[in-house]
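Spelled out from the first residue to the last, the chains are:
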Amino acid sequence: MVRFAINHMTMARMGFDGLLTLARELGLVGIELRNDLSGPLFGGLAPEEAGARIKAAGLRLLALAEVKRFNDWSSDKGREALSLIRIAKAAGAEAVSLIPRNDNQGMGNGERQANLRLALRELKPMLEDHDLIGMVEPLGFPICALRHKAEAVEAVEALGAKGRFRLVHDTFHHFLAGGGPIYPDHTGIIHISGVTAPAIAAEEMQDAHRVLVDGHDRLGNVEQIAAFEAVGWQGPVSFEAFASEVHALPDPGAALKASMKFIGQALEQRAA
């Protein structure tokens, strides 16, 4: 059985309490919260109070997002990261999300890898001190300085930090990066979204095209999840849709339930 979760981006117009109610009613295992949505983090609650409410709802706070451009390291970036780590710890989060720069800078071979290792080396003791995981999310865009998961795995293993850092396997970004190895032993969470618009070329796909997964999905979400299940991976699979039409759904619970049903049935059919 898929352990579904939800990233707050999927319901970006929904408040903190509404998200908890939705996640509980759908039987999700947890939520991911973000610091880049309109409105205050946790709906204005103190991190400790927010964490207590999440726990009371029977949910896990899987991750708190995000440290942006984490591989563009500086003393200011270090302070930013430490601040988010402290908030995440107070709220009972399991991880913080680390998002690489995506501006066509720092792209040189050798430069990319050195910048990544520097950032991970600096983040590692902060995460250890707070017993948190750093969720590294390679982005599939050609302008991203961490496009391919292989470079993240190489850096993590070089630092002896497997387990302290884990990968986000995002089905959208994996597709844009051309696929490749999935590294289940390094993966902490899967992000799912679909692209269903038939006329958009792969190189034109952007976050705004990311909707809920259904039978018209072009990204191979079911196949990607099945690949993880085939090797016994049992982590959370979290909806992360960015499209405005998803944010505007009149009955988001029903839409999410339908997508969960589609994915579950499609996986069962593959396994039969």
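As shown above, the structure is provided for reference.
Residues numbered from 1 in each chain as written. Predicted model: local features only at pLDDT ≥ 70, side-chain atom pairs only at ≥ 80, totals over all residues. Heavy atoms only, no water.

A. Fine view of the sheet that holds strand S8 (residues 236–239). Here we have eight strands rolled up into a closed barrel, ordered S1-S2-S3-S4-S5-S6-S7-S8, and parallel in their pairing. Direction aside, neighbouring strands of the sheet carry axes that sit 30° apart on average. Here strand S2 (residues 30–34) runs beside strand S3 (residues 60–68); their pairing, made up of five bridges, is parallel. Bridge pairing links Glu32 to Ala63 in S3. Packed onto the sheet, helix H4 (residues 111–130) meets strand S4 (95–99), strand S5 (133–136) and strand S6 (165–170) and runs at close to 110° relative to S6. (Pairing = 2+ DSSP bridges. Helix = DSSP H or I, 4+ residues; strand = E, 2+ residues; numbered from the N terminus. Axes fitted to C-alpha atoms, helices over the stretch in contact; angles between N-to-C directions. Contact = heavy atoms within 4.5 Å.)

B. A look at the packing of aromatic side chains. Summed over all chains, the structure comprises four aromatic pairs. Arranged with centres 5.5 Å apart and planes meeting at 20°, the rings of Phe4 and Phe239 form a pair that is stacked. You can see Phe4 sitting in strand S1 (residues 3–7) and its partner Phe239 sitting in strand S8, a full 235 residues away along the chain. With respect to class, Phe4 is no different from Phe239; both count as buried. Judged by centre distance (5.9 Å) and plane angle (70°), the rings of Phe141 and Phe172 are edge-to-face. Placement of Phe141 in the loop between S5 and helix H5 (149–158) and of Phe172 in helix H6 (residues 171–176) is noted, with a sequence separation of 31 residues between them. One exposure class covers both Phe141 and Phe172, and it is buried. (Phe/Tyr/Trp six-rings, centres within 6.5 Å; stacked < 30°, edge-to-face > 60°. Buried < 20%, exposed > 50% of the residue type's maximum accessible area, 1.4 Å probe, protein only.)

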